[in-house]
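# Structure at a glance
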Amino acid sequence: MNTLHRLHSCVLKRRLTYRERGVWQNSIELTLSSSDRPTILKSVQQLELFPQPKPSSAKSPQLTMSSEALYSWKQRIFEHQQSESAPQPRQGSLFELAVNPCDSNSIDPFALQLHNLSFCEKPDWGDRTCLYFVIDNAFRLVLYVGETQQTPKQRWANHYCYNYVGNYIELHRRYSLDVSVAIAFWYGAPSNRKKRLQLESELIYKWKSPFNKECWQYWGQPFGK
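Our subject in this report is the structure included herewith.

### Examining the pairing of strand β3 (residues 141-148)
- The buried fraction of β3 amounts to eight of the eight residues, a majority that puts the element mostly inside the structure.
- Pairing geometry for strand β2 (residues 130-136) and β3, over seven bridges, is antiparallel. Paired with Tyr132 across the strands is Gly146, a residue of β3.

Laid out in structure tokens, this is it:
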């Protein structure tokens, strides 16, 4: 009888031990869960306080110039370019030097043959090495100066300035203003690219053509970036 009682007591102790272990393990799990809770809440609060910006493919809307602002913008450029169109005084010399054909002061963009911008849809033509000028012939403005060793069609077809010109024309049509954008090519450019780039730079700063990035500091970028 005593033996059976002792065996029964051992079984009960073992069951209690297992139960106690289970309770202890559960208490640890509950403790860990409750200790992690503030950290999780804190992280969630941080996410709510500092939300991540959502990626967007939409571009910022461009501000539209009023007709008065457009006219004023063009007028300022026109006045500057008119001052550059005036004959530059030449220093006298006992020995007259031959005129340098690559002198930026000897190149008149408005004296060159003009081509409609649809020229790039036609068969390729012209030499590969040239300087070119994008001109609004309705207001006599040099809008862009460039150089290329490609044919004019190859260069212009994928040029970033093409979008600027499109926005420029669209705004004029919106206000029913005269606009006549064309392109002219000058084939006397040096074949040496370093010299050609130097001449291009001189012409850009001479005319301060508004679609050249070098001149955005003067006129802004109202027709695109």
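This is not the end of the story, as more comes after the structure.
### What about the packing of aromatic side chains?
- Following the criterion strictly, the structure yields 12 aromatic pairs and no others.
- Between Tyr164 and Trp216 the ring centres are 6.3 Å apart and the planes differ by 45°, which places this aromatic pair in the tilted class. Placement of Tyr164 in helix α4 (residues 161-174) and of Trp216 in helix α6 (residues 216-219) is noted, with a sequence separation of 52 residues between them.
- Look at Tyr164 and you get buried, because its relative accessible area is 6%.
- For Trp216, a relative accessible area of 23% translates into the label partly exposed.
- A network of ring pairs unites the aromatic residues Trp73, Tyr164, Tyr168, Phe211, Trp216 and Phe223 as a single cluster.
- Taking the ring centre of Trp207 as reference, the NZ or CZ of Lys206 above it sits at 5.1 Å.

### Details of the sheet that holds β2
- In space, the four strands of this open sheet follow the order β1-β4-β2-β3, with antiparallel pairing throughout. Edge positions in the open sheet fall to β1 (114-116) and β3, since each of these has one partner strand only. Taking each pair of neighbouring strands and ignoring which way they run, the sheet shows an average axis angle of 30°.
- With six bridges joining them, β2 and strand β4 (residues 181-186) adopt antiparallel strand pairing. Counted as the bridge partner of Ile135 is Ala182 from β4.
- Here helix α2 (residues 67-85) sits on the sheet in contact with β2 and β3, set at roughly 65° to β3.

Reading guide: rules and limits
- Residues numbered from 1 in each chain as written.
- Predicted model: local features only at pLDDT ≥ 70, side-chain atom pairs only at ≥ 80, totals over all residues.
- Heavy atoms only, no water.
- Buried < 20%, exposed > 50% of the residue type's maximum accessible area, 1.4 Å probe, protein only.
- Helix = DSSP H or I, 4+ residues; strand = E, 2+ residues; numbered from the N terminus.
- Pairing = 2+ DSSP bridges.
- Phe/Tyr/Trp six-rings, centres within 6.5 Å; stacked < 30°, edge-to-face > 60°.
- Lys NZ or Arg CZ within 6 Å of the ring centre and 35° of its normal.
- Axes fitted to C-alpha atoms, helices over the stretch in contact; angles between N-to-C directions.
- Contact = heavy atoms within 4.5 Å.

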